[in-house]
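Each chain, written out:
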Amino acid sequence: MRNIRTAAIALTLLTAISAVSGCNSTADSNGSSQPVSISEAPQETSDTDSRIDTTANSAQTTPTQASEETSAVTATATTTAITTTAVTTTIAATAPQTTKPAPEWTETKASDKMYLAVSCYSRKKALLGAETVKLYNINDIVTVTAITDTGYYKIKDGTFIHSDYLSKEKVVIQTTAATTTTATTTPKPVATKKPEKDKKPDKNSKYVSSGYEPLDDIIFPILDSIITGKQTDTQKLKAIYDYLIKYSYTERVVLIPQSLSEYSEQLYAISLFEKGYGVCYDFTSAFKYMSRAIGFDTRMIYGRHTNPSGGSSEHTWAELDINGTTYIFDPAIEMLIGPNGSTRFMRTYGEIGKYYIFV
C-alpha cells in the first residue's frame, strides 16, 4: 500500500514538472518545443519599473497641473467678474435717470385782477421768446393766479404775461388839441452821428429788437410782409414809410404808467398800431423802431414845427445819417399836408429845414 502511494505521488510530480516545462517552451516551425530564455524575466521587471517611473512622474506633475487648473479657474472667475462689472456698468449707463430735471421756473400763488398796460401776447411758458397764445389789448382785465421767478405772471387760462405789461391801474388815454406858440428860436444844424451798422439782430430773430417785446411782436410780422432781400436800403425805408402813412393823424396824449416810463417811445408806437391813428410821437417812434429793426441807426428828435398860420407846435420827427448826410423822415407831417404838399421822406435840412425848430 505504501508503495502504491509512493508511486502515485511520483506520477503526480512528474506530471506537474511536465506541465511546467510545457508552459515555458514555444513551438518551432517543426512543432518541437524550445525552451524560453530566462533573460526575458527581467524585462517584466523593467516594464514594471518603467510603469512605476511613469506613475511617479505622473504623481510629480500632478501639483503643477493642479496649479494650472487653479489658475485657469481663477482667470475664468476674474474674467467673469470683469464681464459682470462691464455689464453692470453698461446697464447703469443706459438706465434712465431717476432724478427729475430742474424746473424752468418756479411759481408762487397769487390772486389779483390786473389791467394790460399795453397790447401784448400771452405765452405758453414763463420764458422770454416762448410761443405766443393770445393777443390782449391795452386795459383788458386778467386774473393773475401765480407769480414766477422769471418775471412773468400766470393768468387764469394757464398762460403767462410779463409783469412789465400789467398794471393795477387802468391806463388813461385822453384826447387833447395841439398847443400853438410863437417860435422863439431858429433852426440850427444837427450834429451828424455815424450810423450803427454793426448792430446785430436779436438771437431769436432776423431783426434788431426794440428792447420791448410787445412792440417786437407787432412790427416783426409787418416787416416780414413789406421788406424783401432784393430791395435797396432806400426802398426798404420807403416801404416802412408808406406803410405808416396809411394810418390816420388824430391829436391825443397817452398817459403812461410810471412803471413803464422807460418804454415810453415803444408805447407810442404800439398805440399807433393798436388804435389805427396817432400823433407825431406815435408815427415817429414806429418809423424809428421799424427802421432800426432792419439795421438803421434812426433817431427820434423832439422839437417844434412851424405852423402855416404862424407860430409853432411841439413836434417829433426822425433823423438818419446816410453816407455822411443827415436826412429827415416825418410821416406825421406827411399825413397832415397830404399828397399836394412837399414830401418829408428822406429830405435834408437844407431843403426843408426852415420848418423844424430844435429846443
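Residues numbered from 1 in each chain as written. Predicted model: local features only at pLDDT ≥ 70, side-chain atom pairs only at ≥ 80, totals over all residues. Heavy atoms only, no water.

1. Regarding the sheet that holds strand β18 (residues 356-358)
Right, on to step 1. The strand order across the open sheet formed by 5 strands is β17-β16-β15-β14-β18, and the pairing between neighbours is antiparallel. Both outer strands of the open sheet, β17 (345-348) and β18, are each paired with one neighbouring strand and no more. Averaged over all pairs of adjacent strands, the angle between strand axes in this sheet comes to 50°, irrespective of strand direction.
Right, on to step 2. Looking at chain direction, strand β14 (residues 299-306) and strand β15 (residues 312-322) are connected through 8 bridges and run antiparallel. Along β15, the bridge assignment pairs R299 with E319.
Right, on to step 3. Running at roughly 115° to β17, helix α4 (residues 233-244) makes contact with β15, β16 (325-329) and β17 of the sheet. (Pairing = 2+ DSSP bridges. Helix = DSSP H or I, 4+ residues; strand = E, 2+ residues; numbered from the N terminus. Axes fitted to C-alpha atoms, helices over the stretch in contact; angles between N-to-C directions. Contact = heavy atoms within 4.5 Å.)

2. Overview of the environment of N139
Right, on to step 1. Relative to the helices and strands, N139 is located in the loop between β5 (132-136) and β6 (141-148).
Right, on to step 2. Residues N139 and K170, 31 residues apart in the sequence, show an inter-C-alpha distance of 5.9 Å.

3. Considering the pattern of salt bridges
Side-chain pairs of opposite charge can arise whenever the charged atoms involved come near each other.
Right, on to step 1. All told, the structure shown has 12 salt bridges when counted by the stated rule.
Right, on to step 2. Between E213 and R123 there is a salt bridge whose closest N-O contact spans 2.3 Å. Remark: R123 occurs in strand β4 (residues 120-123) and E213 occurs in helix α3 (residues 213-226); sequence separation between them is 90 residues.
Right, on to step 3. Residue classification places E213 among the buried residues on the basis of a relative accessible area of 11%.
Right, on to step 4. With relative accessibility at 4%, the residue R123 sits in the buried group.
Right, on to step 5. For the salt bridge of R292 with D297, the shortest nitrogen-to-oxygen distance reads 3.4 Å.
Right, on to step 6. Among the ionic contacts, a cluster of salt bridges with common partners joins R123, E213 and D217. (Salt bridge = Lys/Arg side-chain N within 4 Å of Asp/Glu carboxyl O. Buried < 20%, exposed > 50% of the residue type's maximum accessible area, 1.4 Å probe, protein only.)

4. Considering the confidence of the model for the chain
Any segment with low pLDDT has predicted coordinates that should not be analysed in fine detail.
Right, on to step 1. With 60% of its residues at a pLDDT of 70 or more, the chain shows a mean pLDDT of 73.
Right, on to step 2. Segment residues 16-64: pLDDT under 50, and 14 contacts once partners within four positions in sequence are set aside and those in other chains are kept.
Right, on to step 3. Every residue in residues 174-201 is under pLDDT 50, and counting partners more than four places away or in other chains gives 53 contacts. (pLDDT = per-residue confidence, 0-100.)

5. Focus on the side chain of E319
Right, on to step 1. Looking at the element boundaries, E319 is found in strand β15.
Right, on to step 2. Judged by relative accessible area, E319 falls into the buried class, the value being 1%.
Right, on to step 3. Side-chain polar atoms of E319 contact the side chain of Y349, separated by 2.4 Å. (Polar contact = N/O pair within 3.5 Å; in protein donor to acceptor, adjacent residues only side chain to side chain.)

6. Some details on the packing of aromatic side chains
Right, on to step 1. In this structure the tally under the stated criterion is 16 aromatic pairs.
Right, on to step 2. Seen in terms of ring centroids, Y247 and F273 are 5.9 Å apart; in terms of plane orientation they differ by 80°. Their pairing is edge-to-face. With Y247 in the loop between α4 and β11 (248-249) and F273 in helix α5 (residues 264-275), this pair connects stretches of sequence that are 26 residues apart. Summarising the burial analysis for this pair, Y247 and F273 share the class buried.
Right, on to step 3. A ring pair is formed by Y349 and F358, whose centres lie 5.6 Å apart and whose planes are at 45°; its orientation type is tilted.
Right, on to step 4. One aromatic cluster is present, built from ring pairs that chain together Y241, F287, F329 and F345.
Right, on to step 5. The ring of F345 carries K238 above its face, with NZ or CZ at 5.6 Å from the centroid. (Phe/Tyr/Trp six-rings, centres within 6.5 Å; stacked < 30°, edge-to-face > 60°. Lys NZ or Arg CZ within 6 Å of the ring centre and 35° of its normal.)

7. Let's talk about the packing of α4 against helix α6 (residues 280-293)
Right, on to step 1. Orientation of α4 relative to α6, taken along the N-to-C sense of each, is 150°, at an axis distance of 10 Å. Considered as vectors, α4 and α6 are oriented roughly antiparallel to each other. Two packed elements cross with a definite hand, and for α4 against α6 that hand is right-handed. In this structure, α4 contributes L237, I240, Y241 and L244 to the contact, and α6 contributes F283, A286, F287, M290 and S291.
Right, on to step 2. When its residues are assigned to classes, the contact of α4 with α6 shows 8 nonpolar, 1 polar and no charged. (Parallel < 35°, antiparallel > 145°, perpendicular 65-115°, else oblique. Left-handed = near helix turned anticlockwise from the far one by under 90°. Nonpolar A, V, L, I, M, F, W, Y, C, P; charged D, E, K, R; others polar.)

8. Describing the packing of α3 against α6
Each pair of packed helices gets described by two things: the angle between the helix axes and the distance between those axes.
Right, on to step 1. Between α3 and α6, the least distance of the axes is 10 Å, while the angle of their chain directions is 65°. Between α3 and α6 lies a crossing whose hand is right-handed. Here L215, I219, F220, I222, L223 and I226 of α3 come into contact with α6, specifically with Y289, M290 and A293.
Right, on to step 2. In terms of residue class, the contact of α3 with α6 is made up of 9 nonpolar, no polar and no charged.

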